[in-house]
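# Coordinate inspection notes
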Amino acid sequence: AQSVTQLGSHVSVSEGALVLLRCNYSSSVPPYLFWYVQYPNQGLQLLLKYTTGATLVKGINGFEAEFKKSETSFHLTKPSAHMSDAAEYFCAVSVIAAGNKLTFGGGTRVLVKP
Amino acid sequence: NAGVTQTPKFQVLKTGQSMTLQCAQDMNHNSMYWYRQDPGMGLRLIYYSASEGTTDKGEVPNGYNVSRLNKREFSLRLESAAPSQTSVYFCASSESDRGNNEQFFGPGTRLTVL
């Protein structure tokens, strides 16, 4: 079975500062990794995903994440936070043998201070 | 395209009452999913349907039933609601059940069971 751990349920950053959200996964087979964002009172929207190939993945809104197999990590970063980045972020994993069933981390809520 | 739609948006039930949450997608997707979201626990898969005519249990199926009515619609039924089922419910769909497929989420149904 797969699992995902997101370190920090809440993160506070200043506008213009680096955003770093941590995600570690556990999987016995090669994983597919996803970051989703949830704005208040909305559904989830895909930010980016890693399937195969290049380990540095770029997504929407200036976010990127790097798959590090040796560290079983898939941390999400954005160089400069914007007020509109205030949301909850979820890391998720699936594997080819288990269909497209996603296992989510607990989520990290980002607060952006002016 | 409306994407994934869910009805109702909000619902309050008394313990023991039943209800059906409706979900429809207009993207011609083959696979559909029901998740519940609870604070600090991310999203957990209740049931999924890899293709029309098939359904299977996810991580937390107890107390729920589903029906894949046709390719577009996937409903979730609570036969006898319990306070532990107070949650936000999300429906999602994807093109197939391959593990690298993006899932598209609806806006959610906020359910309170008294």
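Rules behind the numbers
- Residues numbered from 1 in each chain as written.
- Chains lettered and ligands numbered in written order.
- Predicted model: local features only at pLDDT ≥ 70, side-chain atom pairs only at ≥ 80, totals over all residues.
- Heavy atoms only, no water.
- Contact = heavy atoms within 4.5 Å.
- Buried area = accessible area lost by both parts, 1.4 Å probe.
- Salt bridge = Lys/Arg side-chain N within 4 Å of Asp/Glu carboxyl O.
- Pairing = 2+ DSSP bridges.
- Helix = DSSP H or I, 4+ residues; strand = E, 2+ residues; numbered from the N terminus.
- Axes fitted to C-alpha atoms, helices over the stretch in contact; angles between N-to-C directions.
- Buried < 20%, exposed > 50% of the residue type's maximum accessible area, 1.4 Å probe, protein only.

### Brief notes about the interface of chain B and chain A
Facing 23 residues of chain B, the contacting portion of chain A comprises 22 residues. Approximately 1,600 Å² of surface area, both sides summed, lies buried where chain B meets chain A, with 53% of it carried by carbon and sulfur atoms. For the chain B face of the interface with chain A, the top three residues by lost area are Gly-99, Asn-100 and Phe-105 of chain B, together amounting to 30%. Our enumeration of links across chain B and chain A arrives at 0 salt bridges.

### What about the sheet that holds strand β8 (residues 74–78) of chain B?
All names here are of chain B. As summarised here, the arrangement of the 4 strands in space is β1-β3-β8-β7, forming an open sheet in which the pairing is antiparallel. Of all the strands in the sheet, just β1 (4–7) and β7 (64–68) have a single pairing partner and so form its edges. Strand after strand, the sheet turns through a mean of 20 degrees between neighbouring axes, direction not considered. One ladder, built from 4 bridges, connects β1 with strand β3 (residues 19–25); its direction is antiparallel. The residue bridging Val-4 from the neighbouring strand is Gln-25, located in β3.

### As for the sheet that holds strand β1 (residues 3–7) of chain A
All names here are of chain A. If you trace the 5 strands from one edge of the open sheet to the other, you get β1-β3-β8-β7-β6, paired in antiparallel fashion. Two strands close off the open sheet at either side, each with one partner strand: β1 and β6 (56–58). Ignoring strand direction, the axes of neighbouring strands in this sheet form an average angle of 20 degrees. Note that β6 and strand β7 (residues 64–68) share 3 bridges and pair antiparallel. Bridging across to β7, Lys-58 finds its partner in Glu-64.

### Some thoughts on the pairing of strand β3 (residues 19–26) of chain A
All names here are of chain A. Every second residue of β3 is oriented toward a common face, the buried set being Val-19, Leu-21, Cys-23 and Tyr-25 and the non-buried set Leu-20, Arg-22, Asn-24 and Ser-26. In this structure, β1 lies alongside β3, joined through 5 bridges in antiparallel fashion. The residue bridging Val-4 from the neighbouring strand is Tyr-25, located in β3. Across 4 bridges, β3 lies against strand β8 (residues 73–78) in antiparallel orientation. Its bridge partner lying in β8, Val-19 is registered against Lys-78.

These figures come from the coordinates and say nothing about function on their own.
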